[in-house]
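# Working through the structure, step by step
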Amino acid sequence: MDIGKPAIEGGNPIRQTPLRFGVPFIGQEEIDAVVEVLKSGWITTGPKTQEFEEKFSRYVGARHAIAVTSCTDAMELSLVVAGIGAEDEVITSPMTFASTANVIIHRGATPVFVDIKPDTLNIDPAKIEKHITPRTKAIMPVHYAGQPCEMDEIEDIARLYGLYVIEDAAHAIGAEYKNKKIGSISDFTAFSFHVQKVITTAEGGMITTSNDDWAKELRNLRLHGMTKDAWIRISSSQVHYDVVYPGYKCNMTDIQSAMGLAQLEKLESFVNIRQKYAKIYDSAFQQMPEISTIKRIDNIRHSENMYVILLNLETIKINRDEFVQALQAENIYCAVHFKPVHLHSYYRETFGYKHGDYPNAERVFNRVITLPFSPKMTEDDVYDVIRAVQKIANYYKK
Ligand SMILES: *Cc1c(COP(=O)(O)O)cnc(C)c1O
């Protein structure tokens, strides 16, 4: 098949206009909802946030949902409530955004990485036990790209050793494991509404838990450790409050919550479009010897937050970064998720990590590309991406 010379070699690009990465799907509903709050006289945490929390907790099937400014905060507050501190160890995946490990360090604890499975890119439950020590207090699984981790195995280990489970579900809004929604399974689940996630409030996060005491503590912690928030005090003239803990400041505003409510209405349709596009990508790339795709396990619903391909570097003459550059010249903008956390300089210098420590994560990092993938794209856009990947792989094949 000859589809021409890559644009980076002087050929014509697949697209005349850029296909940007991570463009959010914002409709008139979000715009109207935000404007309504702006005009209402109450723009910070208040009735919209309460409504967003109620609808979110009902959607995932957890007793409580607590809205915060990010998934990073959601994870940190969960660690605080779990009592994680100095001398403690927390097990997580190296194939994640650095904040999963950063928050463990903020608590004075130590992140302990366990390598991923090469086919799903999720933490390998079979490798967890040999990293457990008397100091281990929690496991933080990361649902990479929106495919749930093997939660039965992880929960079994946690029960056996008395560990908390705090899920990094930044990618997994709308995902299910064995017919249970992510958010309803473990002690704490942290979600993200960052612009590149399944639903967005520009920035934002949510913690779900079914423990009443923990939920109460989380509500306190997100706003200075105060017993009453501003909405309760002002809406009922309750002027007194008490500070029961030197808390944090990470409450979600009603402007964001109004946007979140409108996005939540569209969540099922977003995931359905993502699943349709993922099928189109899968069937094209599974024909190509230069590309591998991620294995999908049984008995789950994938939220399809990201679509990644892995380059079979043995079959092509260019490396991952050159492939990304060549796609950009075709007007297809991509990303890389993730540089394994242990390879970042702080982690190398502080903990002595080096190349070779987590071979599966490192092998993935050298080959992985996150393609443009959003319900904002048309089916034609999806086929442009496929044609561009085919063109580059074909031109540079060995
Ligand atoms: C985006 C992301 C986060 C952080 O989410 P924020 O809401 O930006 O704090 C954490 N973990 C993973 C895996 C992510 O992709």
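Treat the numbers as computed from the prediction; the structure is a model and nothing was measured. Sequence positions are assigned chain by chain, starting from 1 and proceeding in written order. With pLDDT at 70 or above as the cut-off, local features in this predicted model cover only qualifying residues; side-chain atom pairs require 80 or more to be listed or tallied, and sums for whole chains, interfaces and linings still use all residues. Only hydrogens and water are set aside when side-chain values are computed; all heavy atoms of the structure are taken into account.

## Quick word on the overall build of the protein chain
- Broken down by element type, the protein chain carries twelve helices and 13 strands.
- Computation of the radius of gyration draws on C-alpha atoms, with the globule rule given as 2.2 Å multiplied by the number of residues to the power 0.38. Its C-alpha radius of gyration of 22 Å places the protein chain within 12% of the 21 Å reference for a compact globule of 398 residues.
- Each of the three principal axes of the protein chain carries a C-alpha extent, and together these read 75 × 55 × 40 Å.
- In the protein chain, buried positions account for 56% of the 398 residues.
- Whether two residues are in contact is decided by their heavy atoms: any pair within 4.5 Å suffices. Sequence separation of at least 24 residues holds for 72% of the intrachain contacts in the protein chain that already meet a minimum separation of 6.
- Here the protein chain displays about 17000 Å² of accessible surface, and carbon together with sulfur accounts for 50% of that area.
- When charges are counted, neither His nor the chain ends are considered; positive counts come from Lys and Arg and negative counts from Asp and Glu. Note that the charge is assigned to NZ on lysines, CZ on arginines, CG on aspartates and CD on glutamates. If you average the places of the 44 positive and of the 51 negative side-chain charges in the protein chain, the two averages end up 2 Å apart. Strands are runs of DSSP state E lasting at least two residues, helices are runs of H or I lasting at least four, and both sets are numbered from the N terminus onward. The classification of residues rests on relative accessible area computed with a 1.4 Å probe and restricted to protein chains. Under 20% of the type maximum is buried, over 50% is exposed, and intermediate values are partly exposed. Working definition of accessibility: Shrake-Rupley area with a 1.4 Å probe, residue cover restricted to the visible protein chains.

## Notes on helix α5 (residues 151–161)
- All buried positions along α5 are accounted for by Met151, Ile154, Glu155, Ile157 and Ala158. Take α5 and look down its axis: the buried residues cluster within an arc of 160°, on one side only. Facing away from the buried side of α5 by over 90 degrees, the exposed positions are Arg159 and Leu160.
- Looking at the buried side of α5, the elements it contacts are β4 (136–140), β5 (164–168) and β6 (176–177).
- Phi for Gly162, located one or two positions after α5, is positive at around 65°. By arc we mean the arc of the directions from the helix axis to the C-beta atoms, nothing more.

## Things to note about the packing of aromatic side chains
- Between the rings of Phe, Tyr and Trp (Trp by its six-membered ring), a pair exists once the centres lie within 6.5 Å; its type follows the angle of the planes, with under 30 degrees stacked, over 60 edge-to-face, and the other angles tilted. This model, assessed by the stated rule, comprises 22 aromatic pairs.
- Centre to centre, the rings of Phe113 and Tyr358 are 6.1 Å apart; their planes meet at 80°, and the pair counts as edge-to-face. Of the two residues, Phe113 is situated in strand β3 (residues 110–113) and Tyr358 in the loop between α10 (345–351) and α11 (359–365); the sequence distance between them amounts to 245 residues. Note on accessibility: Phe113 and Tyr358 belong to one class, buried.
- Aromatic pair Tyr347 and Phe351: ring centres 5.9 Å apart, planes at 20°, arrangement stacked. Within this pair, Tyr347 and its partner Phe351 are both found in helix α10, separated by four residues, close to a single helical turn.
- In textbook terms, an aromatic cluster arises when at least three aromatic residues are bridged by ring pairs, as seen for Phe113, Tyr346, Tyr347, Phe351, Tyr353 and Tyr358.

## Thoughts on the packing of helix α1 (residues 28–40) against helix α8 (residues 254–285)
- Axis separation between α1 and α8 bottoms out at 8 Å; the angle between their running directions is 155°. For the element pair α1 / α8, the angle class is roughly antiparallel. In this structure, the crossing between α1 and α8 has a hand that is right-handed. Where α1 approaches α8, its residues Glu29, Glu30, Ala33, Val34, Val37 and Leu38 are matched on the opposing element by Asp254, Ile255, Ala258, Met259, Ala262, Gln263 and Lys266.
- Note that Gly is not counted as nonpolar here; it falls among the polar residues with everything else outside the nonpolar set of Ala, Val, Leu, Ile, Met, Phe, Trp, Tyr, Cys and Pro and the charged set of Asp, Glu, Lys and Arg. Looking at the contact of α1 with α8, its residues break down into eight nonpolar, one polar and four charged. Where helices are involved, their axes are fitted lines through C-alpha atoms of the stretch in contact, as for all axes, and angles between N-to-C directions lie from 0 to 180°. Should an angle fall under 35 degrees it is taken as roughly parallel, and over 145 as roughly antiparallel, whereas 65 to 115 is taken as roughly perpendicular and any remaining angle as oblique. With the far helix as reference, a near helix turned anticlockwise by less than a right angle produces a left-handed crossing, and one turned clockwise produces a right-handed crossing.

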